[in-house]
Amino acid sequence: TTDKNGFLKHIPKETIWGFLDLYATNEYIYAIFCGEADVRKNNKIVVFDWFGQGICSYTTNYALECICVNDKNDALYATTTNANDEKIIVKFKLK
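Since the structure is predicted, the reported quantities are computational estimates derived from the model, not experimental observations.

A.B. asks: Before we go on, may I ask you to explain the sheet that holds strand β1 (residues 19-24) in this structure?
C.D. replies: Hydrogen bonds between backbone atoms are what pair the strands of a sheet, whose relative direction is either parallel or antiparallel. The 4 strands lie next to each other as β1-β2-β3-β4, forming an open sheet whose pairing is antiparallel. Every other strand in the sheet has two partners, leaving β1 and β4 (54-59) as the edge strands with one partner each. With direction set aside, neighbouring strand axes in the sheet form an average angle of 20 degrees. Here strand β3 (residues 44-48) runs beside β4; their pairing, made up of 5 bridges, is antiparallel. Looking at β4, one finds that Phe48 is bridged to Gly54.

A.B. asks: It is not clear to me how the pattern of salt bridges should be interpreted in this structure. Could you clarify?
C.D. replies: Should their charged atoms come close, side chains of opposite charge can pair. Inspection of every chain in the model, using the stated rule, returns 1 salt bridge. With its nearest N and O atoms 2.7 Å apart, the salt bridge here joins Glu65 to Lys87. In this pair, Glu65 is assigned in the loop between β4 and β5 (66-70) and Lys87 in strand β7 (residues 87-93), connecting sequence segments 22 residues apart.

A.B. asks: Just checking my understanding: could you explain the packing of aromatic side chains for this structure?
C.D. replies: Taken as a whole and judged by the stated rule, the model has 4 aromatic pairs. Where Phe19 meets Phe33, the ring centres are 5.6 Å apart and the plane angle is 55 degrees; that geometry is what we call tilted. Here Phe33 lies in strand β2 (residues 29-33) and Phe19 lies in strand β1, a separation of 14 residues in the sequence. Classification of Phe33 by relative accessible area gives partly exposed; the value is 28%. With 6.0 Å between their ring centres and 75 degrees between their planes, Phe19 and Phe48 make a pair best called edge-to-face. Of this pair, Phe19 sits in strand β1 while Phe48 sits in strand β3, and the two are 29 residues apart along the sequence. Through a chain of ring-to-ring contacts, the aromatic side chains of Phe19, Phe33 and Phe48 assemble into a single cluster.

Rules of the game
- Residues numbered from 1 in each chain as written.
- Predicted model: local features only at pLDDT ≥ 70, side-chain atom pairs only at ≥ 80, totals over all residues.
- Heavy atoms only, no water.
- Pairing = 2+ DSSP bridges.
- Helix = DSSP H or I, 4+ residues; strand = E, 2+ residues; numbered from the N terminus.
- Axes fitted to C-alpha atoms, helices over the stretch in contact; angles between N-to-C directions.
- Salt bridge = Lys/Arg side-chain N within 4 Å of Asp/Glu carboxyl O.
- Phe/Tyr/Trp six-rings, centres within 6.5 Å; stacked < 30°, edge-to-face > 60°.
- Buried < 20%, exposed > 50% of the residue type's maximum accessible area, 1.4 Å probe, protein only.

Structure below.
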């Protein structure tokens, strides 16, 4: 199916999500993390160094889909869906 979120219909309810998207900079690896079956809770970003050690985590008010980072401006951008089921981009300040 090609509707906005139709691909989710094919994922069993018992599925436990892990890392949904990754973005790497020279210093860190950023990942969207969800440890629950409810995809609306994709609201956590975890940060690792290049040795796999956890550095920090962020919790947002958004169900995140994709991320990218501008480390020169300490900003993380993410796609999400608003209350009208429209795709939007949100920006978070890092550090």
